[in-house]
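Each chain, written out:
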Number of protein chains: 2
Amino acid sequence: MTSWLEKRAALSPDKPGLYAGKDVWTFSEMAIEAQKLAEKISPYIKNQKPVALLITNQPQSVFFIHALQMIRVPVLMLNNRLTPEEWGYQLQDSQAQLVLHEEQFSVEAEAAQSIDECLKSNGGPIKRFEDEEICSVMYTSGTTGNPKGVMQSYDNHYASAAGSAFNIGHNPDDIWMCAVPLFHISGYSILMRSVIYGIAVRLYEKFDEQLIHEDLIDGKGSIISVVTTMLQRLLDVKGEPYHPLFRCMILGGGPAPLHMVERCHNEDIPVFQSYGMTETSSQFTTLSPGDATRKVGSSGKPLFPGEIRIIDADGNQCETDEIGEILLKGPSVTKGYLNRDQSAPFSNGWLKTGDVGYLDQEGFLFVADRRSDLIISGGENVYPAEVESVLAGHPAVIEAGVVGKKDDRWGEVPAAFLVVADQIDEEVLIHYAKERLAAYKVPKVFRFTDALPRNASGKLVRRMLKEEINDESV
Amino acid sequence: MTSWLEKRAALSPDKPGLYAGKDVWTFSEMAIEAQKLAEKISPYIKNQKPVALLITNQPQSVFFIHALQMIRVPVLMLNNRLTPEEWGYQLQDSQAQLVLHEEQFSVEAEAAQSIDECLKSNGGPIKRFEDEEICSVMYTSGTTGNPKGVMQSYDNHYASAAGSAFNIGHNPDDIWMCAVPLFHISGYSILMRSVIYGIAVRLYEKFDEQLIHEDLIDGKGSIISVVTTMLQRLLDVKGEPYHPLFRCMILGGGPAPLHMVERCHNEDIPVFQSYGMTETSSQFTTLSPGDATRKVGSSGKPLFPGEIRIIDADGNQCETDEIGEILLKGPSVTKGYLNRDQSAPFSNGWLKTGDVGYLDQEGFLFVADRRSDLIISGGENVYPAEVESVLAGHPAVIEAGVVGKKDDRWGEVPAAFLVVADQIDEEVLIHYAKERLAAYKVPKVFRFTDALPRNASGKLVRRMLKEEINDESV
């Protein structure tokens, strides 16, 4: 089976496919790089179990991703901000057969293989599986606190790319700027769109607002994917207008505040607010700039042919403007979680997002509350249940409640309410949490209390904690 | 299940979706029209067998097509140029449960229902099937002379629309001019793209070069689908340059002659030569204007993610530049023929086109000979075997060989070589053929001969007849 990059290289061999710093690769040069890597990797491949990648936003990482598509094994994209303990869980849960990691990350796993070592090996003929449908796996947590591997099939990525093109348009000369992590669906999906559309990616190691600001002015990209924090940082440096070739800023990771929307409108920044998740292979709804000021707070309408349904607690469809759980259906929606009951996240074929929201009379989606009280901090998802479970593991802690506290820089940061058996120092808790959780998940604020608010059935009512912590800051 | 038009109407209710003459319908107005028709049709619907449509290029026909998608029964698009006998064959073969026909066409079938009568009926609630995958059926002939119903699934149409957008780009303000018949894949696919992309169709009853010429100058469309004959007729009236919004002329139905390509190049007409068939749900390859003069005679490269393979008589893959049978693979390729062995047209999952051609070093496709000596006359396919079989049915005819004779207006016209038992007048044969064949299939030229050229195994060698008839005209 021919990989997407190889097909693209056959169609548009001499077209630039990747820019990074001063370097540029055409699609055929990319295919050659990826083929070399596929040869290096092949001797390690024993079966069609996932291969984990632990990488940063480097051109080499792009080639590794395409190399694994040539072999056609699922790639498990590890979030490089997690702790070794968190990686360990995902590797075990996914039964990954191999972990290719950059030297800077130390992975304690039998299947671990440093990329430098891999590159030194002789390699062998490219092993190619024919029938693998799963392209990528990314772990997310949820209500239970146990991260689960979301599977994205090739069909999911294809449908996501098509739906986005139908929505924002497709110009064969587009360049998509990627300063979001490749291990998140936001970054990974840009690589897929690049080969599906035949357009170049401009890859950034990290989000440097000054550099990206200049590139936007110089017309070095026509589309960029950002989260709210990034947009705010760009607005903070904004001086000159962006280049006329720049046509689309896709904004994910939580709704933009009104002042931000208005400022973008006034400065002619074409912001497309969106709503999506790992389970939908990237944005599922998009709000076009034309509707941005008319529908403030909305995440727009689904990408074609996706559909949204809002249901109440009894599973009945809600009326217009009535708040309920958001259910999604469409070809970009995951088939399920790796090594789990495939029907679990669905209700009659509709993905239960756990998010809460409503559709207005014109069919625009308004997300009222993120799933499982999800905290979005600088574009990273933090699941309260996961953090609570770690904190409650400390001997001194009886119970914990974690919520998002508003933050000018990160949008939100985790805040912990604790009931403790013995008095304990914040620093000790932070140290304890940091060993077990990625830094962005570690609470930045601690409050000690006698009891946590619970409802009649004993369930933690995080909403009350959230009000308390955010009222403080007003 | 929500139909594509209904989804589009929910996403872009106020956007124009259809222009015809001085009339315009937004997507939501279209959905209302189609829903009304779906109500009218529903009482006639008993099962998920195909419903045949025998219509002309009218707005109402567009609404009928979408109405049948709401009910989600396959639509059999009948070519309105065929004879009642030919329609009869397709209706029987497809087991159509209902034939909706315009008053002007007289169909002798139990399931026939005039559209006027249907419109007068009371109707009922819209019946909606959930699981039907086949969207449309169109009959084509082939080597055997027996027309077969090519099935296009919803997935096929979706992939075709996506692949085309990735190739020629997608501008949300596009307007696609449709002067090709809705009952051909070229026209039907424009309607699908309209609702998938969210762009308008400008529908023409027929190809009137003067009118279309003016509309191209006035910027009334940005894309148009044409066959070679239409392009020639447009060039014949060409005076002023077309409007700058006009960006793409998709040319199907046989390769364009060099002088035409050069003229388009000189006059800045953005011609995209293509190769495709009913079995690929529209164009499968496209040659961009940038390559047009560099690759004269080529049909370009596949739309992503389609693939081409050329094989020799033993089924082995041909070398670069080596002529063999063209095989195709991709998500826009049909699953097979209606009520036939589904594996028949495939070899290891590759569609055997019967066409002959080669791939050059850069992967550009050159079609050397159309399948089964296919004659393309004014964009309509004429299969020699079908015409020969009819002619040989006349008592005076012993055997017949039919080939394409070059024609300035139509590209090709059918020419018949006959071995007869008794002398017979051409007019008698023409009359006989016209009763059984669509007018465009009836030979325009007759030659009487003592014997037809056959190879060692007794197979008719049409190539020799073709050379003979075309040498005459030089």
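The preceding data block contains the structure.
The rules behind the values
- Residues numbered from 1 in each chain as written.
- Chains lettered and ligands numbered in written order.
- Predicted model: local features only at pLDDT ≥ 70, side-chain atom pairs only at ≥ 80, totals over all residues.
- Heavy atoms only, no water.
- Salt bridge = Lys/Arg side-chain N within 4 Å of Asp/Glu carboxyl O.
- Helix = DSSP H or I, 4+ residues; strand = E, 2+ residues; numbered from the N terminus.
- Buried < 20%, exposed > 50% of the residue type's maximum accessible area, 1.4 Å probe, protein only.
- Core = buried A, V, L, I, M, F, W, Y, C linked by side-chain atoms within 4.5 Å.
- Contact = heavy atoms within 4.5 Å.
- Pairing = 2+ DSSP bridges.
- Axes fitted to C-alpha atoms, helices over the stretch in contact; angles between N-to-C directions.

Chemist: Is there a simple way to think about the pattern of salt bridges in this case?
Modeler: When their charged atoms lie close together, side chains carrying opposite charge are able to pair. Within this structure, the stated rule accounts for 46 salt bridges over all chains. The partner of Glu307(B) in a salt bridge is Lys7(A), and the shortest N-O contact between them spans 3.6 Å. Separated into two different chains, Glu307(B) in strand 16 (residues 307-311) and Lys7(A) in helix 1 (residues 4-11) make up a pair that spans both. Overall, Lys7(A) belongs to the buried group, its relative accessible area being 13%. The partner of Arg436(B) in a salt bridge is Glu435(B), with the nearest N and O atoms 3.3 Å apart. Residue class for Glu435(B) comes out partly exposed when judged on its relative accessible area of 46%. Three or more residues joined by partner-sharing salt bridges are found here, namely Asp291(A), Arg294(A), Lys295(A), Asp360(A) and Glu362(A).

Chemist: Which parts of the structure should I look at to understand the nonpolar core?
Modeler: One recurring pattern in soluble globular proteins: nonpolar side chains tend to sit buried together. Among the nonpolar cores identified, the biggest contains 186 residues, and Ile41(A), Met249(A), Ile41(B) and Met249(B) are the most heavily contacted of them. Apart from residues lying up to four places away in sequence, Ile41(B) is in contact with Phe64(B), Ala67(B), Leu68(B), Ile71(B), Leu98(B), Leu100(B) and Cys118(B).

Chemist: How should I be thinking about the pairing of strand 1 (residues 16-20) of chain B in this particular structure?
Modeler: Along any regular strand, the residues point their side chains to alternate faces of the sheet. All names here are of chain B. Bridging between strand 1 and strand 2 (residues 23-26) involves four bridges; their strand directions are antiparallel. In the strand pairing of strand 2, Pro-16 is matched with Thr-26. A loop of two residues connects strand 1 with strand 2, the two strands running antiparallel in sequence, and Gly-21 in this loop sits at a positive phi of about 60°. By the bridge criterion, three bridges tie strand 1 to strand 10 (residues 200-203) in an arrangement that is parallel. Directly across from Ala-20, in strand 10, lies its bridge partner Leu-203.

Chemist: Help me out: how do you make sense of the sheet that holds strand 3 (residues 51-54) of chain A in this one?
Modeler: In a beta sheet, neighbouring strands pair by backbone hydrogen bonds and run either parallel or antiparallel. Residue and element names in this part refer to chain A. Across the sheet, six strands lie side by side as 6-5-3-4-7-8; this open sheet has mixed pairing. Looking at strand neighbours, the two that pair on one side only are strand 6 (112-114) and strand 8 (148-153), the edges of this open sheet. The mean angle between the axes of side-by-side strands here comes to 25°, regardless of whether they run parallel or antiparallel. The pairing of strand 7 (residues 134-140) with strand 8 spans six bridges and is antiparallel. Its bridge partner lying in strand 8, Ile-134 is registered against Ser-153. The sheet contacts of helix 3 (residues 59-71) involve strand 3, strand 4 (75-77), strand 5 (98-101) and strand 7, and relative to strand 3 the element is tilted by about 175°. With respect to the sheet, helix 6 (residues 154-168) is in contact with strand 7 and strand 8, its orientation differing from that of strand 8 by roughly 65°.

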